[in-house]
Amino acid sequence: MRRIFCIIWLCIVSIGVINAEDGSRLWLRFQSCNTATLPNFTAINGNKGSFALQQFQEAWSLMTGNNLPERNLSAGHTLLIGTSKNREIKKVVKAKELKELGTEGYIIRTVMQGNKMVTLVASLGEGGLLYGVYHLLRLIQTGTDLLSLQISEKPSYDIRILNHWDNLNGTVERGYAGYSIWQWDKLPEVISPRYKEYARANASIGINGTVLNNVNASPDILTTSYLQKVKIIADILRPYHIKVYLSVNFSSPKIVGGLSDSDPLNPQVQKWWHEKATEIYRLIPDFGGFLVKANSEGQPGPMDYGRTHSDGANMLADALKPYGGIVMWRAFVYNPSPEDRAKQAYLEFKPLDGAFRNNVIIQVKNGPVDFQPREPFSPLFGAIQQTAIMPELQITQEYLGFSNHLVFLAPQWKEFLESDTHCKGENSTVAKSTDGTIYPHTHSAIAGVANIGLDTNWCGHHFAQANWYAFGRLAWDHTLTAEEIATEWIRMTFSNEPKFEKPVKEMMLQSWETAVDYMMPLGLHHIFAWDHHYGPEPWCNIPGARADWLPPYYHNAGTDGIGFDRTTTGSDAVSQYYSPLREQFNNLESCPEELLLWFHHVPWNHSMKNGRTLWEELCYRYDGGVQRVREFQKIWDRVEPFVDSDRFRHVQSRLRIQSRDAVWWKDACLLYFQTFSKKPIPYDIERPVHELEELQQIKLELKHHN
Ligand code: BDP
């Protein structure tokens, strides 16, 4: 009776606040007015003092107003949460089963014991238990029937890590959700409540590591006073099974340590790193390790001293080794040279395959150039065999409309993870070549550049939360489909109402291809405005600037056609791929049209598979992108009855911006490329509403850009 009263009361309260949803609770709203979807648990039991059990109780009391009574298995339906050491668990689950799933894996099962019903969450370790509890809570939140559960899970990747590009002064490089959540100036004394909320959100999706600071790293992070602040954060994240890592500046021994250089072969330098590692581990015994951007975009590195990437990485790896730490060494390298930028990382790293210690992982962006709206996968995937290699995805939308555009990235990441590298014949996907299936290494890992800031809703755009969510879910299980992930997220973040879920899901699933179409269809890339990467500037030509930082380098538009010739007669980037991919990409007819202008310089009159000329197809793609954003606006307006008014209005106004931006992209690109193609824009598509000259005058002052 009391429970029913509480639920009614909670419903009244939540209806009262339904207009005041601010997105701060992410997908962990635990708001349940619908008693029908709540399981009929009557008691809870498990390891004494278990953190996972506490987490369940917290969520349960948000949903029902009460904690579940803790008592031994009794009549009714007991929830049992325990590790393999728990007596009750031992009765139902074989130790071998749990062992096979490792310390992060878990089993969720509903069984009958006599007349007692038991739903159990079991794992070898506390980490797995926590993940199991969040899985169960997800099932409850999404309205799943718990009566016949038979779940066993273990993660695809060992290390599932966020990379914050957060600077120590509180700004966030390529961050579009306000200032950094790490309030360095207030630490170690003042502890923001956000740290704990952050930890819980990450734990709920299986993220188990975080790099706190920008890859363009300030050496200050390794000073003792900063390390003491880092320790506080690590202490807060620890119960949530999240390890802290740091980006380090390769010149730290010289800058922080006062040494004469930072040469990795200098014994003084090696000693400095060893001592630094000892200091760090004294403060943070489970410290994860270092992330390093070296000899890339002006950052210092071993090559400053005539050494190699492996000399640099191995020196750091040796310092961390005694404590179990790892080095994530980035392969994002390119120089102003006549060589195609897309080829450079491979040229630099492929010869070093096998030269790295086994606690080094090479971190490679999904595409060979940068985080463009669409790229082929980097040819390093599959090609590096003796050294572990980890994908780096970009959650923050640096190249996809910041926090103004609704772009759900799971489809992009799925396309990447499922790309077949052919490194060991057919079905050698990127996922399998990095998760330990094809090349077993000591560690497997995947990183995502975070989109989190101090904004109330964490990510700027309410729908950008879905990308944080999707990254965690895919890192945990890369076989999940984008649709499954969207379903879970929509149900927990907004509503289980099918009239909301269905259209919104369709919109999310189309949103990435839509953005590709209104920005850079058919393999176009990097035609952004100089530096801030928001709007279109395919014409951008700054005298004296590095060619590979300018759009014409990538699109090569001329009266003869458009696109980057990376075939065997061009830059020959195709040859960095395994057969039969290299032949497929090399041939104009077999190259996937989505990547056509990435690999080929194509005449305007080239006939596409649907019979249109390339020029016409380009026009239809841009226009299609614009039209679909307009559809998104309609979809969103129609679901208004199912959304609280704050989030409704917020998303509605962002879609208006996106719609205007899509037209801006279309007009800018088509009018500019038309100066080369000299062909009319097909008459059945929308006419440009801007003048090219007008668009060329736009110079955005973007306040979030650092
Ligand atoms: C580019 C970003 C730049 C980053 C760099 C990197 O524009 O801000 O520092 O990548 O990943 O995409 O190191």
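Residues numbered from 1 in each chain as written. Predicted model: local features only at pLDDT ≥ 70, side-chain atom pairs only at ≥ 80, totals over all residues. Heavy atoms only, no water.

### Digging into the confidence of the model for the protein
So, point 1. Per-residue confidence for the protein gives a mean pLDDT of 95, with 96% of residues at or over 70.
So, point 2. Low pLDDT, under 50, characterises residues 1–19; the stretch is placed with 24 contacts to residues that sit more than four places away or in other chains. (pLDDT = per-residue confidence, 0-100. Contact = heavy atoms within 4.5 Å.)

### Looking at the sheet that holds strand β5 (residues 150–153)
So, point 1. Pairing is mixed in the open sheet, where 5 strands are placed in the order β1-β2-β4-β3-β5. Pairing within the sheet leaves two strands with one partner each, and these edge strands are β1 (43–46) and β5. Each adjacent strand pair in this sheet contributes to an overall mean axis angle of 20 degrees, direction not counted.
So, point 2. Pairing analysis gives 8 bridges linking strand β2 (residues 76–83) to strand β4 (residues 116–123), with the strands arranged parallel. In the sheet register, G76 faces β4, and the bridge partner there is K116.
So, point 3. In the packing of helix α2 (residues 51–64) onto the sheet, the strands contacted are β1 and β2, and the crossing angle to β1 comes to about 165 degrees. (Pairing = 2+ DSSP bridges. Helix = DSSP H or I, 4+ residues; strand = E, 2+ residues; numbered from the N terminus. Axes fitted to C-alpha atoms, helices over the stretch in contact; angles between N-to-C directions.)

### Things to note about the sheet that holds strand β11 (residues 360–365)
So, point 1. Spatial strand order, β6-β7-β8-β9-β10-β11-β12-β13: 8 strands in a closed barrel with parallel pairing. With direction set aside, neighbouring strand axes in the sheet form an average angle of 25 degrees.
So, point 2. Note that strand β12 (residues 388–394) and strand β13 (residues 445–449) share 3 bridges and pair parallel. Bridge pairing in β13 places Q394 opposite V449.
So, point 3. Along the sheet face, helix α7 (residues 224–237) touches β7 (209–211) and β8 (243–247) and points at about 150 degrees away from the line of β8.

### Considerations on the packing of helix α15 (residues 465–476) against helix α16 (residues 482–493)
So, point 1. Closest axis-to-axis distance for the α15/α16 pair is 10 Å, and the angle between their directions is 130 degrees. Looking at the two axes, α15 sits oblique to α16. α16 is crossed by α15, and the crossing has right-handed handedness. Residues Q465, A466, Y469, A470, R473 and L474 of α15 lie in contact with α16, whose contacting residues are I485, E488, W489, M492 and T493.
So, point 2. Among the residues forming the contact of α15 with α16, the class breakdown is 7 nonpolar, 2 polar and 2 charged. (Parallel < 35°, antiparallel > 145°, perpendicular 65-115°, else oblique. Left-handed = near helix turned anticlockwise from the far one by under 90°. Nonpolar A, V, L, I, M, F, W, Y, C, P; charged D, E, K, R; others polar.)

### Structural notes on empty space enclosed by the protein
So, point 1. Scanning the entire structure with this criterion turns up 7 cavities of 30 Å³ or more.
So, point 2. When residues of the lining of the largest cavity are traced back to their parent elements, those giving at least two are α11 (341–349) and β11.
So, point 3. Across the lining of the largest cavity, the residue classes tally to 9 nonpolar, 2 polar and 2 charged.
So, point 4. In terms of lining residues, the second largest cavity is bounded by N366, F371, Q372, Q394, T396, Q397, E398, Y399, L400, L409 and Q412. (1 Å grid on protein atoms, 1.4 Å probe; cavity = no way out; pocket = protein on both sides within 12 Å on 5 of 7 lines; lining within 4 Å. Points joined across faces, edges and corners; volume = space filled by probe spheres on them.)

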